[in-house]
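Coordinates in review
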Amino acid sequence: MTSDASPQPIQSAKSAVESLAAVLGAALPGTLASADDPANALLHDAGVARAVVGRLRREGSGAGNDGLCRWLYDAFQSNLPEIQLAVLRFVPALAGVYMSRAVSRKPLAGFEAVLLALYAHAAAQRGSGEAETVSLPNLANPSVYHDAKVPPKTKAAELDVAVLSPALEPHGTMRATRRARIVGAVLELYHGKLAIMPLSSKMEFCEFCVAWTGNRSKLDDKPRVAAASEPAAAEEKLRRVPLPWELFQPVLRIVAHCLLGPTNSDELKTQATRAAECMYWRAAETMDARSVLATRSLVRLSQMTEEPIPEPSFSGAVETNMAELEAMRANILSNKN
Amino acid sequence: MAAAMAESDNNGSEVSPGGGGRDSASAAAAVASPVKAKARALLELETASAAAAASESSEARVDDGNIQEAESSLREGLSLNYEEARALLGRLEYQRGNVEAALRVFDGIDLQAAIQRFQPSLSEKPPSKRSNKLRSDSSNSGSQHAASLVLEAIYLKSMSLQKLGKAVEAAQQCRSVLDAVESIFQRGIPDVMVEQKLQETVSKSVELLPELWKQAGAYQEALASYRRALLSQWNLDDDCCTRIQKRFAVFLLYGGVEASPPSLASQTEGSYVPKNNLEEAILLLMIILKKWYLGKTHWDPSVMEHLTFALSLCGQTSVLAKHLEEVLPGIYPRTGRWYSLALCNYAASHNEAALNLLRKLLNKNESPGDIMALLLAAKLCSSDYSLASEGVEYARRAVTNVDSSDGHLKSAALHFLGSCLAKKSRIATSDHQRSLLQTESLKSLSEAISLDRHNPDLIYDMGIEYAEQRNMQAALKCAKEFIDATGGSVSKGWRLLSLVLSAQQRYSEAEVVTDAALDETTKWEQGPLLRIKAKLKVAQSLPMEAVEAYRALLALVQAQRKAYGTVKNGTEEVDNKVSEFEVWQGLANLYASLSYWRDAEICLQKAKALKSFSAITLHAEGYTREVREQTQDALAAYFNAVSTEVEHVPSKVSIGALLSKQGPKYLPVARSFLSDALRHEPTNRMAWFYLGKVHKHDGRLADAADCFQAASMLEESDPIESFRSL
């Protein structure tokens, strides 16, 4: 009966932890409550991630009365930046499970409430949802990074303006035909915070990406071992989902980060490479030219080695001073400066 | 003079820091002084000789200078500078791979003290007198050398810390090198008179610093140091600068860090200043490519791939095509370049250019079996009736050439083959050929589905093909399956289902489906569904509700026009739009069918105002004349419509129908018009009906019966709107 009581609004990292513990119970690691930095633990603790993601992926999650979805919604609406980050950490699992199940048309009001809250935040961040545009440079004119031989024209040449992300219209409910746009915008929000997301969150994203594309990759040509590829019994199989450009593009940008970003993780790069290949074949399936170009480049880049930073080079001149240096070395090191 | 120099040397000794270590070093130096002094003297003598050679002093003066310099170096050799000794020793350890030992040696260096000692002489202007100038130049060179040693030591310290996994400390040390250099050369490093070793250390430090910050996870600092590297004057060579630019572009593109724009302080009048990550990355990549065109740097294939990714993200594939075209021969195989250019053009809706490139690529003397190019060519042709035949050939070659173990690509090839065959069947010149093509199309699509069972696009296209062939039961099944497979998220699936149900005359069910679709669609995109709803009302003989539906549609269309104005970036898909013209036309048709002539005329005038010469409008005008028995005016309007659009089927049907009532002598012409209409639209039931009448009047009863039967069958499967509208 106490669980039916209306939850207290989340006002701090500590209260967020307490209300999450009320939802997940024993599944949540005990160390979380006593953590010095609860918000950091929510974002980075492996035990928390296992508990939350495991619950999200469980069959039957995401309904209107789902307590975890309620927690995610309340935590994000707390407007505490560090708590909002912790919620964003679970976007891969949230979006991944949601899109796969939405195709089956199961009741998912809980997931949708969280996604719509994130979407509204993304729209507000863009000043009432304005489109993100890109102005392309014209190298005939000077820029901050280069000079042009020709003197600047009296009238500035009109720049090519391209739309990177279309405007975000307000949405109070999740409609099927807007699903991809809403989830795409949520992924863009996640993309903007990738630098501070934990590795496990990115690994999850690449896994869901592979599932969304229909698990197609050259690596799959050989028959797979059934036991290894089967998901856990309690988890539903992920399904192939429609990937219109408004969803395909933010997915691609996140995969590109996992593949080529500053995170030094071979495991992540391997998973991202697989995701990129799956997306390439998905694009080839319909010969969507823009998608083919972008994914083909990603796959090619995954096969190129990074040019190393030059090591210091030494001239041979030092040899002539070897005797004196040896003597000095003995003296200095013996004093243990 | 000699006494003054000796005194100066003594002063230097007195102010040296690190007493204990200093004494030990001095002692060590004293022990080895003969060899050290001799080596240093030789070095100084060479320097003096070089300086003398460059000057215009008299021969006697040169001799004097050499002697004096030799004396000076001998004195200096007696006591080695503290920092220099540490620097040399540390470098030795680093070279040997003793990173920790090197670090201990470097720790003893006080960079600030060393810099303070270097700064005055390095920045001092040379005096005007010749003899002083000679000495000053020599001194300057010596100071640079000393500075170079110390700065290199701190750089190596940074490298040592990096190797020990201490990225933050490494970055801080590296930054101190750059700070020191900036304080020494307050107006930037000059292009000349800089010791090579010093420049090398500076360049390496500039390049290293952002990488260290990245490793440390301090991305904002990395960002700032990249910009510092590129915007301050470090006298970097082209290769070094290019490497930094590329790494910075990669960091901007993929780093997941939201960067603030470069400072306006670096902006000059009329300069382009990027305002977000993607713009800055694209600018840098373009600059690198331009350097390559100018021969300043070597080709790096990853640069073009990064640029491709960046420009594809924002849909600027036309710009990408220009850059691909500018790449000199020898970098890409020409078929590879053609394929890339074809993709760029296709993505930019330059279909003709794309297809021409593919034709060259797929020429028998080039790469006729290139699977990806064949698929792309088939895709291009599948959207144009006149190219359908060519597309069939490409798709067939793709099916033939694809690796049999690659079921995925084979499925895609079969899919395109089915689509092209379906397109080709629409313009078939005989019933037999059409039937053959349609059968083959379904066969290809079925085979494709067997290879890729969960591809909704295949299911949808199969449904369309069944519908066009008037197999409504199968089409219905496909439509439902498509909606299930996509979770109702693709509008055309709802529309297909609704049209199929309308074709089965299950209008109320079609309406339920349309209403469900409207619930799942945002207001802005409801146009096509509202149009279907209006036509469903017409089909159910509910004129007042039809008028209401059309009014709702008109309100939406007009609101869209005001909101978008002239559409610059067509983010809205074309097939999601309903034009205001067709709404007025629909209302005109509705009023005409109700014999509300005045209202029909008003709507027609509005439609004409939007599109002056339209076969549809002229046909509607003809219809209003016809039903008021103004036969000649009606015929005139119909003929005008056919003149405007040669293949306008409704007008041909109307002409045939009207002529067939004008007496026996007009029957052959009527028959000709009706047959022509059926050639274009074999499922036009009214054409079959009137053709049957023509045959009946001419006494060909068997033919007439066949036509009436066809009309009757088609009436049972006639959608309210053509499936081609999907």
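From a predicted model like this one, the values you see are computed outputs, not experimental measurements.

This part covers the overall build of chain A. Helix and strand counts for chain A stand at 14 helices and two strands. Pairs at least 24 apart in sequence give 75% of the contacts found in chain A among residues at least 6 apart. Entry remark: accessible area of chain A is about 15,100 Å², with carbon and sulfur atoms responsible for 53%.

This part covers the overall build of chain B. A count of helices and strands for chain B gives 35 helices and zero strands. In chain B, which comprises 726 residues, the share counted as buried stands at 52%. Taking as baseline every contact in chain B between residues at least 6 positions apart, the subset at least 24 positions apart corresponds to 60%. Here chain B displays about 33,000 Å² of accessible surface, and carbon together with sulfur accounts for 52% of that area.

In this section: the packing of helix H33 (residues 667-680) of chain B against helix H34 (residues 685-697) of chain B. Residues and elements named next belong to chain B. At a closest axis distance of 9 Å, the pairing of H33 and H34 adopts a crossing angle of 150°. When the interaxial angle is binned, H33 and H34 end up roughly antiparallel. Note that H33 runs across H34; the crossing there is left-handed. Residues Leu667, Ala670, Arg671, Leu674, Ser675 and Leu678 of H33 touch H34, and the partners they reach there are Ala687, Trp688, Tyr690, Leu691, Val694, His695 and His697. Across the contact of H33 with H34, the residue classes break down as nine nonpolar, three polar and one charged.

This next bit is on unusual backbone geometry. One non-glycine residue with positive phi stands out, namely A:Asn79, at about 65°. Looking at A:Asn79, the relative accessible area reads 55%, which means it is exposed. One non-glycine residue with positive phi stands out, namely B:Gln505, at about 60°. Assignment of secondary structure puts B:Gln505 in the loop between helix H24 (491-503) and helix H25 (507-519).

Next up on the list: the interface of chain B and chain A. Facing the 116 residues of chain B at the interface are 88 residues of chain A. Carbon and sulfur atoms supply 62% of the area buried between chain B and chain A, which totals about 9,000 Å² over both sides. Scanning the region where chain B abuts chain A turns up one salt bridge. Between A:Arg300 and B:Glu305 there is a salt bridge, with its nearest N and O atoms 2.9 Å apart. There are 19 residue pairs in polar contact (both at pLDDT 80 or more) connecting chain B and chain A. Along the lines of polarity and charge, the residues of the side of chain B that touches chain A split into 54 nonpolar, 29 polar and 33 charged.

Conventions and cut-offs
Residue positions within a chain follow its written sequence, with the count starting from 1. To read the labels, note that chains go from A and ligands from 1, taken in the order they are written. The predicted nature of this model means local features are confined to residues of pLDDT at least 70 and side-chain atom pairs, given and counted, to a pLDDT of 80 or more, with totals for whole chains, interfaces and linings taken over all residues. Calculation of side-chain values draws on the structure's entire complement of heavy atoms; hydrogens and water are dropped beforehand. The helix count covers DSSP runs of H or I at least four residues long, the strand count covers runs of E at least two residues long, and both are numbered beginning at the N terminus. The contact definition used throughout considers only heavy atoms, calling two residues in contact when any of these lie within 4.5 Å. All accessible-area figures derive from a Shrake-Rupley calculation using a 1.4 Å probe, and residue coverage is judged against the displayed protein chains alone. The buried label goes to any residue with under 20% of its type's maximum accessible area, the exposed label to any with over 50%, and the partly exposed label to all in between, with areas taken from a 1.4 Å probe on protein chains only. A fitted line through C-alpha atoms represents every axis, and for helices the fit uses only the stretch in contact; the resulting angles, taken between N-to-C directions, go from 0 to 180 degrees. An angle below 35 degrees is treated as roughly parallel, one above 145 as roughly antiparallel, one from 65 to 115 as roughly perpendicular, and anything else as oblique. Put simply, a crossing is left-handed when the front helix is turned counterclockwise from the back one by less than a right angle, and right-handed when it is turned clockwise. Polar here means any residue other than Ala, Val, Leu, Ile, Met, Phe, Trp, Tyr, Cys and Pro, which are nonpolar, and Asp, Glu, Lys and Arg, which are charged; Gly is therefore polar. What counts as buried area is the accessible surface, traced by a 1.4 Å probe, that two parts surrender upon association, with contributions from both included. Whenever a carboxyl oxygen of Asp or Glu lies within 4 Å of a side-chain nitrogen of Lys or Arg, that contact is scored as a salt bridge. By the criterion applied in these results, polar contacts are pairs of N or O atoms within 3.5 Å in which, for protein atoms, one can donate a hydrogen and the other can accept it, and in which residues neighboring in sequence qualify only through two side-chain atoms.

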